[in-house]
Structure formats: structure tokens, C-alpha cells
Amino acid sequence: MAVPKRKTSKARRDKRRANWKLSVPGMVVCPQCGELKMPHRVCKACGTYKGQEVLKAEA
């Protein structure tokens, strides 16, 4: 059975965990209304996708 020879220090343990984080999703500007939106998705503000109205805009 494999057993560690030495205790892993808190600094070494935390260095290993330092790269585990969330990344901000890429956002693009909607060409119709100028709101930020996720790429390749319908704009939640105006309801358009590729210049066509897909959803009714909620006002």
C-alpha cells in the first residue's frame, strides 16, 4: 500500500489548488440592441438571432 513519506505542507497543497477557478464566458455585443450576449445564442434583450426576430421582445 502506498503511504506518503512526509506530510504535504499547506503551501504545497494550496499551490496545487490555485489553478482551479471559474473563467468568465466570452461575451459579444448584439448588433441589433447593443446588449452583451453569449455568442451563437438568441439575445435575451431583443430576441433576435442572426438578424431575425426569434423571440418576442418583452417590454
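My aim in this report is to walk through the structure given alongside it, one point at a time.

1. Quick word on the overall build of the chain
Moving on, step 1. Scanning the chain from terminus to terminus reveals one helix and four strands.
Moving on, step 2. Starting at the N terminus and walking to the C terminus, you meet the elements of the chain as α-β-β-β-β.
Moving on, step 3. For the chain, whose C-alpha radius of gyration is 23 Å, the value lies well above the compact-globule estimate of 10 Å for 59 residues.
Moving on, step 4. Over its C-alpha atoms, taken along the principal directions, the chain stretches across nearly 65 × 25 × 20 Å.
Moving on, step 5. For the chain, buried positions account for 10% of its 59 residues.
Moving on, step 6. Element-wise, carbon and sulfur atoms account for 55% of the exposed surface of the chain, whose accessible area totals about 6200 Å².
Moving on, step 7. Counting 15 positive and 4 negative side-chain charges, the chain places the centres of these two groups 25 Å from one another.

2. Here we look at the side chain of T48
Moving on, step 1. Tracing the sequence through the fold places T48 in strand β3 (residues 48–49).
Moving on, step 2. For T48, a relative accessible area of 12% puts it in the buried group.
Moving on, step 3. Contacts of T48, omitting those with residues within four sequence positions, involve C30, Q32, V42, C43, E53 and V54.

3. With respect to a positive patch on the surface
Moving on, step 1. A cluster of basic residues, R12, K15, R16 and R17, forms a positive patch at the surface.
Moving on, step 2. Along the polypeptide, R12 turns up in helix α1 (residues 10–17).
Moving on, step 3. Judged by its relative accessible area of 59%, R12 falls in the exposed class.

4. Quick notes on the pattern of salt bridges
Moving on, step 1. Tallied over the full model, the rule gives one salt bridge.
Moving on, step 2. We note a salt bridge from R13 to D14, for which the minimum N-O separation is 3.0 Å.

5. Quick look at the environment of R6
Moving on, step 1. By secondary structure assignment, the location of R6 is in the segment before α1.
Moving on, step 2. R6 sits 39 residues away from A45 along the chain, and the two C-alpha atoms are 56 Å apart.

Definitions and limits used
Residues numbered from 1 in each chain as written. Predicted model: local features only at pLDDT ≥ 70, side-chain atom pairs only at ≥ 80, totals over all residues. Heavy atoms only, no water. Helix = DSSP H or I, 4+ residues; strand = E, 2+ residues; numbered from the N terminus. Rg over C-alpha atoms; globule rule 2.2 N^0.38 Å. Buried < 20%, exposed > 50% of the residue type's maximum accessible area, 1.4 Å probe, protein only. Areas by Shrake-Rupley, 256 points an atom, 1.4 Å probe, with all protein chains shown as cover. Lys, Arg positive; Asp, Glu negative; His and termini not counted. Charge placed at Lys NZ, Arg CZ, Asp CG, Glu CD. Contact = heavy atoms within 4.5 Å. Patch = residues over 30% accessible without salt bridge, like charges linked within 9 Å, V, L, I, M, F, W, Y side chains within 5 Å. Salt bridge = Lys/Arg side-chain N within 4 Å of Asp/Glu carboxyl O.

The quantities given are spatial measurements derived from coordinates; they are silent on function.
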